[in-house]
Amino acid sequence: IAGSLDRLSGGLPAWNPGGVALTKVDATTWQVTLTGTEGTQVEYKYTLGSWEKVEKDGTCGELGNRSVTLAWGADGAPVVSDTVLNWRNVAPCGN
């Protein structure tokens, strides 16, 4: 995941496509746990480690940045769930 992660806790890099890796949960699910101050807005995109391997929309078009504003739920642990439809380097968008 790459984005304005430097706004979060932990000294994360800003817009480094290989700087923060997700952990594989199962065949189709990956996760990462990040922390920050309530009210912080973060923009981000998913990559496979480089901008040559960035997420694409359902027709292989460019996507705008995703965004989230941190807001704590009843249990203090907000969850963001996203779906990546395509990758730039994987069929049908790439080879």
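The preceding data block contains the structure.
Residues numbered from 1 in each chain as written. Predicted model: local features only at pLDDT ≥ 70, side-chain atom pairs only at ≥ 80, totals over all residues. Heavy atoms only, no water.

Colleague: Help me understand the overall build of the chain, please; the structure alone is not making it clear to me.
Modeller: Helix and strand content of the chain: 0 helices and 7 strands. Starting at the N terminus, the α and β elements of the chain follow one another as β-β-β-β-β-β-β. At 14 Å, the chain has a C-alpha radius of gyration in line with the 12 Å of a compact globule built from 95 residues. For the chain, buried positions account for 24% of its 95 residues. With the model as given, the accessible surface of the chain reaches about 6000 Å², and the carbon-plus-sulfur share is 49%. (Helix = DSSP H or I, 4+ residues; strand = E, 2+ residues; numbered from the N terminus. Rg over C-alpha atoms; globule rule 2.2 N^0.38 Å. Buried < 20%, exposed > 50% of the residue type's maximum accessible area, 1.4 Å probe, protein only. Areas by Shrake-Rupley, 256 points an atom, 1.4 Å probe, with all protein chains shown as cover.)

Colleague: Would you mind showing me how to read the pattern of salt bridges here?
Modeller: Two side chains bearing opposite charge may form a pair once their charged atoms approach each other closely. Within the structure shown, the criterion is met by 4 salt bridges. Two residues, E62 and K56, come together in a salt bridge whose shortest N-O distance is 2.2 Å. For K56, a relative accessible area of 5% corresponds to the buried category. Each of E55, R66 and D82 takes part in salt bridges that share partners, so that together they form one network. (Salt bridge = Lys/Arg side-chain N within 4 Å of Asp/Glu carboxyl O.)

Colleague: Looking at this model, I keep getting lost on the sheet that holds strand 1 (residues 2-3). Mind explaining?
Modeller: The strands making up a sheet associate through hydrogen bonds between their backbones, and the pairing can be parallel or antiparallel. An order of 1-4-6 is seen for the 3 strands of this open sheet, with the pairing classed as antiparallel. With partners counted over all chains shown, the strands left at the sheet margins are strand 1 and strand 6 (66-69), one partner each. With 2 bridges connecting them, strand 1 and strand 4 (residues 41-45) associate as antiparallel partners. Directly across from A2, in strand 4, lies its bridge partner K45. (Pairing = 2+ DSSP bridges.)

Colleague: What's the story with the packing of aromatic side chains in this structure? I'm lost.
Modeller: For any two aromatic rings, the description comes down to two numbers: the centre-to-centre distance and the angle of the planes. The tally for this structure, following the rule as stated, stands at 2 aromatic pairs. With 5.7 Å between their ring centres and 85° between their planes, Y44 and Y46 make a pair best called edge-to-face. Neither residue differs from the other here; Y44 and Y46 are each classed as buried. (Phe/Tyr/Trp six-rings, centres within 6.5 Å; stacked < 30°, edge-to-face > 60°.)

Colleague: Teacher, can you tell me more about the side chain of K45 here?
Modeller: Mapping K45 onto the fold places it in strand 4. Here K45 is buried and forms no salt bridge, its nearest opposite-charge partner E62 lying at an N-O distance of 4.7 Å. Within the structure, K45 has its side chain in polar contact with the backbone oxygen of L63 (distance 2.7 Å). Those residues in contact with K45 that sit more than four places away from it in its chain are I1, A2, W15, W51, V54, E55, L63, G64 and N65. (Lys, Arg positive; Asp, Glu negative; His and termini not counted. Polar contact = N/O pair within 3.5 Å; in protein donor to acceptor, adjacent residues only side chain to side chain. Contact = heavy atoms within 4.5 Å.)

Colleague: Explain the pairing of strand 4 here, please?
Modeller: Sheet faces and side chains relate simply in a regular strand, where the side chains alternate between the two faces. For strand 4 and strand 6, the ladder comprises 4 bridges, and the chain directions are antiparallel. From the neighbouring strand, Q41 faces strand 6, where its bridge partner is T69.

Colleague: Got a minute to help me understand the nonpolar core in this structure?
Modeller: Side chains of nonpolar character tend, in soluble globular proteins, to be buried together. In this structure, I1, L5, L8, L12, V20, V42, Y44, Y46 and L70 together form the largest nonpolar core, which totals 9 residues. Not counting residues up to four positions away in its chain, the partners in contact with V42 are S4, L5, R7, L8, R66, S67 and V68. (Core = buried A, V, L, I, M, F, W, Y, C linked by side-chain atoms within 4.5 Å.)

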